[in-house]
Amino acid sequence: MINLPPFIPGMELSRLFFNEAVQPILDRYFPGLAYSAGRLDFGSDVLGFDTPMSRDHDWGPRLMIFLDEEELETRRDDILRSLSRHLPVHIHGYPTHYENFDSDGAQMTPVEHGPVNPYISVISPERFFLGYAGVDITRPLTAADWLVIPWQRLATIRSGQVFHDGLKRLSEIKSVLRWYPHDLWLYTLAAQWRQIDQEEPFMGRTASAGDEIGSRLISSRLLNRLMQLCFLLEQNWPPYSKWFGSAFSRLKCAPTLQPLSMQVTEATDWKIREKGLSELYIHIGCIHNKQGITAYVEPEVTPFHKRPFQVPHSQRYADALYAAIRSEEVLALPRYTGSIDQMIDNIDVLESIPMCQHLKHVYQNSIPDTFPNPCPHMDPRTLKEN
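Criteria and cut-off values
Residue numbering note: each chain is counted from 1, following its sequence as written. Thresholds applied to this predicted model are a pLDDT of at least 70 for local features of residues and 80 or more for the giving and counting of side-chain atom pairs; totals over whole chains, interfaces and linings are not thresholded and use all residues. The basis for every side-chain value is the complete set of heavy atoms in the structure, and neither hydrogens nor water enter the calculation. Starting at the N terminus, helices and strands are each numbered in turn, a helix being any DSSP run of H or I of at least four residues and a strand any DSSP run of E of at least two. Think of it in three bands: residues with accessible area under 20% of the maximum for their type are buried, residues over 50% are exposed, and the middle band is partly exposed, with areas taken using a 1.4 Å probe on protein chains only. Note on contacts: a residue pair qualifies if any of its non-hydrogen atoms lie within 4.5 Å across the two residues. Areas reported here follow the Shrake-Rupley algorithm with a probe of radius 1.4 Å; residue values treat only the protein chains shown as occluding. Each axis is a line fitted through C-alpha atoms, and for a helix only the stretch in contact is used; angles between axes span 0 to 180 degrees, taken between their N-to-C directions. In this scheme, roughly parallel covers angles under 35 degrees and roughly antiparallel covers those over 145, while 65 to 115 is roughly perpendicular and the rest are oblique. Helix crossings fall into two classes, left-handed where the near helix is turned counterclockwise from the far one by less than a right angle and right-handed where it is turned clockwise. Note on terminology: disulfide denotes any pair of cysteine sulfur atoms within 2.5 Å. When DSSP locates at least two bridges between a pair of strands, those strands are taken to pair. In this analysis the probe radius is 1.4 Å and the grid spacing 1 Å, with only protein atoms considered; a cavity is a set of points the probe fits into but cannot get out of, a pocket is an open set with protein on both sides within 12 Å along at least five of seven lines, and lining residues have an atom within 4 Å of a point. Grid points are joined across faces, edges and corners, and a volume is the space filled by probe spheres set on the points. Throughout, the ten residues Ala, Val, Leu, Ile, Met, Phe, Trp, Tyr, Cys and Pro are labelled nonpolar, Asp, Glu, Lys and Arg are labelled charged, and all others, Gly among them, are labelled polar. Between Lys or Arg on one side and Asp or Glu on the other, a salt bridge is scored when a side-chain nitrogen of the former is within 4 Å of a carboxyl oxygen of the latter.

A. A look at the overall build of the chain. Secondary structure summary: the chain contains 19 helices and 10 strands in total. Along the first, second and third principal axes, the C-alpha set of the chain runs to 75 × 45 × 35 Å. Per-residue burial over the chain gives 51% buried out of 386 residues. Excluding contacts between residues fewer than 6 apart, the proportion of contacts in the chain whose partners are at least 24 apart in sequence is 71%. In the form shown here, the chain has an accessible surface area of approximately 18600 Å², with 53% of it arising from carbon and sulfur atoms.

As structure tokens, then:
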């Protein structure tokens, strides 16, 4: 790695880059140009989790410049040429020239003089949001539109910053995408509680059968789903795995729930894991009730049937949430499917907006049960009892 000056958070460096270098050039060579600028795309720096280690690729004085669609084709190349010719080779000691855009990550590369190859994209808001999140900003979002936007993309749009909004549109779009509409929020919460309900007795059951590895794996999965639930309850988009724990530590509930979470992950005895999970269930149930979004649900753990496993019977929360949904569009969605992040845990899918969009049909079409039930006396919801 090249010798670099003291660390500056990447978002702050990008803001300085715009204010001190890019904006003066645009004002001088393109007076009266209506544009917006900021960072809403990928990067640990956009989420605010970058460290000095982040500087080895796709980091540094980066920028997005937004033009109206009708201006884009006629002004884009001129703007990029002017910036290449007139930008300084450093900003606060960091190179503005980049190389290896086609490799595993663009890298800042020192040069003695310009022209430079800056990490700047010029795009219209319509093209950016359609390509980055699959969102057509020219029309209202449907429930299906919302549910196929990956949480990671929504997280960066929300946490990203607009340095200048001459188009007077970016801040409004960010506000729209800040969080789900109310009933869609209830729908995703119900799906999350349902996922917990499906496995809540298995941590103890596997341990009682001598399967310690299985017990630990299930407790970790339950913990992950409980943490995701906390994000949803506090209306924060959960980021992907690298920054999931870091982002969780910033939630309001974290000071109380983190020690209990550590108790679950560190326990070598399943009864201790159960105690930690039980306390988490009760605390999170209290958070649910404080939101005032459903009828009151008693936050408690009780035995699973006659077995010695304490569970919260999470279906109670899911049922209460469904009872509170009023939107016919949301009620018509497949029950308990939730968002694409709740349905799929595959990075190659979640990082492919075209593939996410392809899955929109899951929410748009009702899927009939065309296969006969081989055990008609059994409700699938009771299969966990065995």
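So much for the structure itself; the text now carries on.
B. Looking closely at the packing of helix 10 (residues 212-233) against helix 12 (residues 254-266). Relative to each other, helix 10 and helix 12 sit at 165°, their axes nearing to 10 Å. Here helix 10 lies roughly antiparallel to helix 12, going by the angle between them. By crossing handedness, the relation of helix 10 to helix 12 is classed as left-handed. Contacts from Ser219, Leu223 and Cys230 in helix 10 reach Leu257, Ser261, Val264 and Thr265 in helix 12.

C. Main features of the state of the cysteines. Scanning the entire structure with this criterion turns up zero disulfides. Cysteine Cys253 remains unbridged, with the sulfur of Cys230 as its closest cysteine sulfur at 3.9 Å. In this structure Cys286 is not part of a disulfide, and its nearest cysteine sulfur, from Cys230, lies 12 Å away. Overall, Cys286 belongs to the partly exposed group, its relative accessible area being 30%.

D. Quick look at the sheet that holds strand 2 (residues 62-66). Reading across the sheet, the four strands line up as 7-2-1-8 and stay open at both edges, with mixed pairing between neighbours. Each edge of the sheet is formed by a strand with only one pairing partner; in this case those strands are strand 7 (119-123) and strand 8 (161-165). The sheet shows a mean angle of 20° between the axes of neighbouring strands, taken without regard to direction. Two elements, strand 1 (residues 36-39) and strand 2, share three bridges in a ladder whose sense is antiparallel. Looking at the pairing, Ser36 lines up with Phe66 of strand 2. Running over the sheet, helix 3 (residues 69-86) touches strand 2 and strand 7 and is turned about 165° from strand 7.

E. Empty space enclosed by the protein, seen in detail. A complete count under the given rule lists one cavity of 30 Å³ or more for this structure. Put simply, the largest cavity is a space of about 70 Å³. Every residue along the wall of the largest cavity is listed here: Glu200, Pro201, Met203, Gly204, Leu222, Glu274, Leu277, Ser278, Tyr281, Phe309, Gln310 and Val311. Every element with two or more residues in the lining of the largest cavity is listed here: helix 9 (202-208), helix 13 (270-291) and strand 10 (310-311). Counting residues per element, the lining of the largest cavity draws most heavily on helix 13, which supplies four residues. Split into classes, the residues belonging to the lining of the largest cavity amount to seven nonpolar, three polar and two charged.

F. Spatial organisation of the layout of surface pockets. Each pocket or cavity is described by its volume, and for the largest pocket that value is around 1000 Å³. As for the largest pocket, its lining consists of 39 residues, and the residues nearest its centre are Pro239, Tyr240, Ser241, Lys242 and Ile347. Secondary-structure elements contributing two or more residues to the lining of the largest pocket are helix 2 (44-47), helix 6 (151-159), helix 10, helix 11 (241-248), helix 16 (340-343) and helix 17 (347-350). Across the lining of the largest pocket, the residue classes break down as 16 nonpolar, 12 polar and 11 charged. Estimated volume of the second largest pocket: approximately 270 Å³. Around the second largest pocket, the lining comprises 14 residues; the ones closest to its centre are Phe49, Asn236, Trp237, Ala247 and Arg250. At three residues, the largest contribution of residues to the lining of the second largest pocket is made by helix 6. A breakdown of the residues in the lining of the second largest pocket according to their chemical character gives eight nonpolar, two polar and four charged.

G. Structural view of the environment of Val349. Its location among the elements puts Val349 in helix 17. Classification of Val349 as buried rests on a relative accessible area of 12%. A C-alpha to C-alpha distance of 9.8 Å links Val349 and Leu359, two positions 10 residues apart in sequence.

H. Inspection of the pattern of salt bridges at higher detail. Taken as a whole and assessed by the stated rule, the structure comprises 21 salt bridges. Note that Arg225 is salt-bridged to Glu199, the shortest N-O span being 2.9 Å. Taken as a pair, Arg225 in helix 10 and Glu199 in helix 8 (residues 182-199) lie far apart in primary sequence, 26 residues in all. The pair Arg225 / Glu199 is uniform in exposure class, with both members buried.

I. Inspection of unusual backbone geometry at higher detail. In this chain, Gly114 is followed by Pro115 through a cis amide linkage whose omega measures 5°. Position of Pro115 relative to the elements: it lies in the loop between strand 6 (107-108) and strand 7. With phi around 70°, Tyr336 is a residue other than glycine that occupies positive phi space. Tracing the chain through its elements places Tyr336 in the loop between helix 15 (328-331) and helix 16. Residue classification places Tyr336 among the buried positions, given a relative accessible area of 17%.

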